[in-house]
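Results of the structural survey
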2 protein chains.
Amino acid sequence: MPLNETSATPARRRRGAELEAALLDAALAELLASGYDDLTYEAVAERAQTSRAVLYRRWPTKRELALAAALQLLDSHPVPTPDTGSLRGDVLELLTVANGSRARLGLQLVAQLGSTGGVSLADLRRPVARRNEERMTAILGRAEDRGEIPTADVPRRARDVALDLWRHDVLLHRSAASPQQIEQIVDDVFLPLVGYRG
Amino acid sequence: MPLNETSATPARRRRGAELEAALLDAALAELLASGYDDLTYEAVAERAQTSRAVLYRRWPTKRELALAAALQLLDSHPVPTPDTGSLRGDVLELLTVANGSRARLGLQLVAQLGSTGGVSLADLRRPVARRNEERMTAILGRAEDRGEIPTADVPRRARDVALDLWRHDVLLHRSAASPQQIEQIVDDVFLPLVGYRG
DNA sequence: CTCATTAAGAGGCATTGTGTTCCTTATCGA
DNA sequence: TCGATAAGGAACACAATGCCTCTTAATGAG
């Protein structure tokens, strides 16, 4: 018989996806509040109203725990594909939205936490990267249809250059890119490269 | 009177730059051997043959300690400015050498460790970034002299695009870039952008 | 519905590393 | 030569780890 204290609540227990989501939410909150260095299993467990053992069973190391939380953040905030009617508008919009999204935070965290064991950072980002490629391909296709560029058949490296440079800036500065940075990426690099006729 | 054990060595004490270099060497060795998570003041102190207090006096947090070690690595391996006689050769050489240098490791570590307190990551890289800008400017100047490009007066963003994309790849993949990656950066992005007449 | 299986959540425990303080004495600069 | 500085050694309480056991909700198979 359990020692019923003041209340007689039958001690509800979460399981499966519900529990896991709560754990990662707590981990993310702690991560953002305390930073990686001061992140502790104890604080996460307390915030999630559970025991450390529950966390250890799923994520044996602090790095894996933090990474799982960051990944959840990363792909729970997908960036929509813009369609503004012009190539320049589309790319500016894409970068600006990505820049303001919570996904940016996820990117920074994932990049900081890096890879664990056999899984490389590129692997972790694979799904996101694939979506981005498709987005740019779609944007370029519409631009070709409008006659803004001679061809949408652009080398991969050139096609992705805008997002790559934006990502570079975000990772290096550890903060959002400024509107000026975004404009320069688009006007000084991306548009000239795809043969945009301004 | 000190309890002289078997030896009568008068307990030599290092100071200043000599000591500091030894501390950072030990920190870097531990960092590379154990990784950031398992880096401890105790292990660094032991390796450097000193006490933890000496470390704490200089770097109050593990992050600052690791960052100092990474920064030392970063700017103790400067990349020379190439002069191969052609624009393409110069840029390929620049990226390839940077890619193989120990400085790449420093870059990865610094990016992972991020900024501490008021100092931003960009600030930490400022000296290196400046050197890189000058290098690219010099390379472009020689290319203009040779008539390989119409003008060396290129927007900053375009001028730095090769190193930025290389850095992007290194930070994202957490490993050296492949020769193919480097070639694509140069041939599909950088050279077209500066108006190279191949 | 019943019962065996799974795992949540609570607690305990030895161990490690932290962060700090105190002390001595080697080293350096005036 | 002497006083200020700080290296290096030691000890301390404390926080968190990593691992363990135990009870008992929750679940799914029959």
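Before any of the text, the structure's been laid out above.
In what follows, the accompanying structure is described. (Residues numbered from 1 in each chain as written. Chains lettered and ligands numbered in written order. Predicted model: local features only at pLDDT ≥ 70, side-chain atom pairs only at ≥ 80, totals over all residues. Heavy atoms only, no water.)

**Details of the protein's contact with DNA strand D**
- Neighbouring DNA strand D are 23 residues; A:Arg13, B:Arg15, B:Thr50, B:Arg57 and B:Arg58 lie closest to it.
- The sugar-phosphate portion of DNA strand D accounts for 58% of its atoms within 4 Å of the protein, the bases making up the rest.
- Within the side chain of B:Arg52, one N or O atom sits 3.2 Å away from a base nitrogen of DNA strand D.
- In the environment of DNA strand D, a phosphate oxygen lies 2.9 Å from a nitrogen or oxygen atom belonging to the side chain of B:Arg57.
- Listed by contribution, the elements that provide at least two residues to the surface near DNA strand D are helix 2 (41-47) and helix 3 (52-58) of chain A together with helix 3 (52-58) of chain B.
- When residues in the surface near DNA strand D are grouped by element, the largest group, four residues, is from helix 3 of chain B. (Near = heavy atom within 4 Å. Polar contact = N/O pair within 3.5 Å; in protein donor to acceptor, adjacent residues only side chain to side chain. Helix = DSSP H or I, 4+ residues; strand = E, 2+ residues; numbered from the N terminus.)

**Describing the relation of the copies chain B and chain A**
- The two copies are related by a screw operation: chain B maps onto chain A through 180° of rotation and 0.0 Å of translation along the axis, at an RMSD of 0.1 Å. Taken together, these values place the two copies in the relation of a two-fold axis.
- Counting the interface residues of chain B, we find that 100% of their copies in chain A are interface residues as well, pointing to one common contact surface. (Least-squares fit on C-alpha atoms with pLDDT ≥ 70 in both. Contact = heavy atoms within 4.5 Å.)

**Looking at the protein's contact with DNA strand C**
- Among the 22 residues in the neighbourhood of DNA strand C, the closest are listed as A:Arg15, A:Arg57, A:Arg58, B:Arg13 and B:Arg52.
- Of what DNA strand C places within 4 Å of the protein, 55% of the atoms are sugar or phosphate.
- Between DNA strand C and B:Tyr41 there is a distance of 3.4 Å, counted from a phosphate oxygen to a backbone nitrogen or oxygen.
- At a separation of 3.3 Å, a phosphate oxygen of DNA strand C approaches a polar side-chain atom of B:Glu42.
- Going through the elements one at a time, helix 3 of chain A together with helix 2 (41-47) and helix 3 of chain B are the ones with two or more residues in the surface near DNA strand C.
- Among the elements that make up the surface near DNA strand C, the one with the highest residue count is helix 3 of chain A (four residues).
- Per-class residue counts for the surface near DNA strand C are eight nonpolar, three polar and 11 charged. (Nonpolar A, V, L, I, M, F, W, Y, C, P; charged D, E, K, R; others polar.)

**Some points on helix 5 (residues 87-100) of chain A**
- Here helix 5 of chain A spans 20 Å end to end across 14 residues, near enough to the 20 Å set by a 1.5 Å rise per residue.
- Three or more residues of helix 5 of chain A are buried, namely A:Leu87, A:Asp90, A:Val91, A:Leu92, A:Leu94, A:Leu95, A:Ala98 and A:Asn99. (Expected span 1.5 Å × (residues − 1). Buried < 20%, exposed > 50% of the residue type's maximum accessible area, 1.4 Å probe, protein only.)

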